[in-house]
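Structural overview for review
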Amino acid sequence: MAIKETDFSRLNEKLVDNPSAKFFICMRNIPAYVKNEQIMECPVLSPSNKLANNYRLGLIDPCQFYMNYYNELKSPICQKLMKSILSISKNYDIYIVNINKDARLLLLDILKNIK
């Protein structure tokens, strides 16, 4: 199966398009949405609030954002969760959901290259 990414604003559309997929919302401040068995919240896989705010405000450049976020994803809990997502992806299409495209793409890249 495939591991894909989408913006939170397109979550409902993707739920309809792929009703058997699993969606992992990797955001710290998750907006309200209709919860169902397809959706799992994974705030620990999102950039820390401080990192996300510094990036959004232009206080750090993309390279610094990627390096710091990559380091945050090295924590044991993140590693365990990413391996769990990979295991689920053997049977289902997976969507990484976040409003920050750079965060989605980095997490997607790490998932595709994890051993």
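Here's what I pulled together on the structure shown here. (Residues numbered from 1 in each chain as written. Predicted model: local features only at pLDDT ≥ 70, side-chain atom pairs only at ≥ 80, totals over all residues. Heavy atoms only, no water.)

1. Observations regarding the overall build of the protein
Rules: Each helix is a run of DSSP H or I of at least 4 residues and each strand a run of E of at least 2, with the numbering of both proceeding from the N terminus. When we talk radius of gyration, it's over C-alpha atoms, and the globule rule is simply 2.2 Å times the number of residues to the 0.38.
Of the regular secondary structure elements, the protein holds 5 helices and 4 strands. In sequence order, the protein lays out its α and β elements as β-α-β-β-α-α-α-β-α. Radius of gyration (C-alpha) of the protein: 14 Å, near the 13 Å computed for a compact globule of 115 residues. By its C-alpha atoms, the protein is 40 × 30 × 20 Å across when sized along the principal axes.

2. Focus: the pattern of salt bridges
Quick note on the threshold: For this document, the term salt bridge refers to a Lys or Arg side-chain nitrogen within 4 Å of an Asp or Glu carboxyl oxygen. For the exposure calls, accessible area comes from a 1.4 Å probe over protein chains only, and a residue counts as buried if that area is under 20% of its type's maximum, exposed if over 50%, partly exposed in between.
On inspection of all chains with the given rule, the structure shows 4 salt bridges. The salt bridge involving aspartate 7 is made with arginine 104; its shortest N-O contact spans 3.3 Å. Taken together, the residues span a long stretch of sequence, with aspartate 7 in the loop between β1 (3-6) and α1 (11-17) and arginine 104 in helix α5 (residues 101-113) at a distance of 97 residues. Owing to a relative accessible area of 6%, arginine 104 belongs among the buried residues under this scheme. The partner of arginine 10 in a salt bridge is glutamate 13, with the nearest N and O atoms 2.6 Å apart. A relative accessible area of 36% means that arginine 10 is categorised as partly exposed. Shared partners join several salt bridges into a network, and the residues in it are Glu5, Asp7 and Arg104.

3. Side note on the pairing of strand β2 (residues 22-25)
Rule in force here: DSSP calls a pair of strands paired once it identifies at least 2 bridges connecting them.
Side chains of β2 alternate between two faces, with Lys22 and Phe24 and Phe23 and Ile25 buried alike. The sheet contact formed by β2 and strand β4 (residues 94-97) spans 4 bridges and is parallel. Looking at the pairing, phenylalanine 24 lines up with isoleucine 96 of β4. Direction of pairing for β2 relative to strand β3 (residues 39-41): parallel, over a ladder of 3 bridges.

4. Observations regarding the side chain of arginine 104
To be explicit about the condition: Any N or O atom pair separated by 3.5 Å or less is treated as a polar contact, with the protein-specific requirement of one donor-capable and one acceptor-capable atom, and with residues adjacent in sequence counted only for side-chain atom pairs. Here, two residues are considered to be in contact whenever any of their heavy atoms come within 4.5 Å of each other.
Side-chain polar atoms of arginine 104 contact the backbone oxygen of asparagine 98, separated by 2.6 Å. Those residues in contact with arginine 104 that sit more than four places away from it in its chain are Glu5, Thr6, Asp7, Ile96, Val97, Asn98 and Ile99.

5. Remarks on the nonpolar core
In plain terms, the rule: Residues belong to a common nonpolar core when they are buried Ala, Val, Leu, Ile, Met, Phe, Trp, Tyr or Cys residues joined through side-chain atoms within 4.5 Å.
The biggest cluster of nonpolar side chains holds 24 residues, and the ones touching the most others in it are Leu45, Tyr69, Leu73, Met82, Ile96, Leu107 and Leu111. Taken together, the elements giving at least two residues each to this core come down to α2 (49-56), α3 (62-72), α4 (76-88), β4 and α5. Once residues lying within four places of it in the same chain are set aside, the contact partners of leucine 45 are Cys26, Tyr69, Leu73, Cys78, Leu81, Met82, Ile85 and Leu107. With 11 residues, the next largest nonpolar core counts Phe8, Met27, Ile39 and Val97 among its residues.

6. Regarding the sheet that holds β3
This is how the line gets drawn: Lines fitted to C-alpha atoms define the axes, with helix axes restricted to the stretch in contact, and inter-axis angles between N-to-C directions lie between 0 and 180 degrees.
Taking strand neighbours across the sheet as the criterion, the 4 strands line up as β1-β4-β2-β3 in an open arrangement whose pairing is parallel. This sheet does not close on itself; its edge strands, each paired only once, are β1 and β3. Taken pair by pair, the neighbouring strands of this sheet meet at an average axis angle of 25°, ignoring direction. Sheet topology places β1 next to β4; 4 bridges connect them, and they run parallel. The residue of β4 that forms the bridge with glutamate 5 is isoleucine 96. Together, β1, β2 and β4 form the strand contacts of α4, whose direction differs from that of β2 by roughly 165°. Strands in contact with α5 are β1 and β4; relative to β1, the strand with the most contacts, it is inclined by about 175°.

On their own, these measurements won't tell you what the molecule is for.
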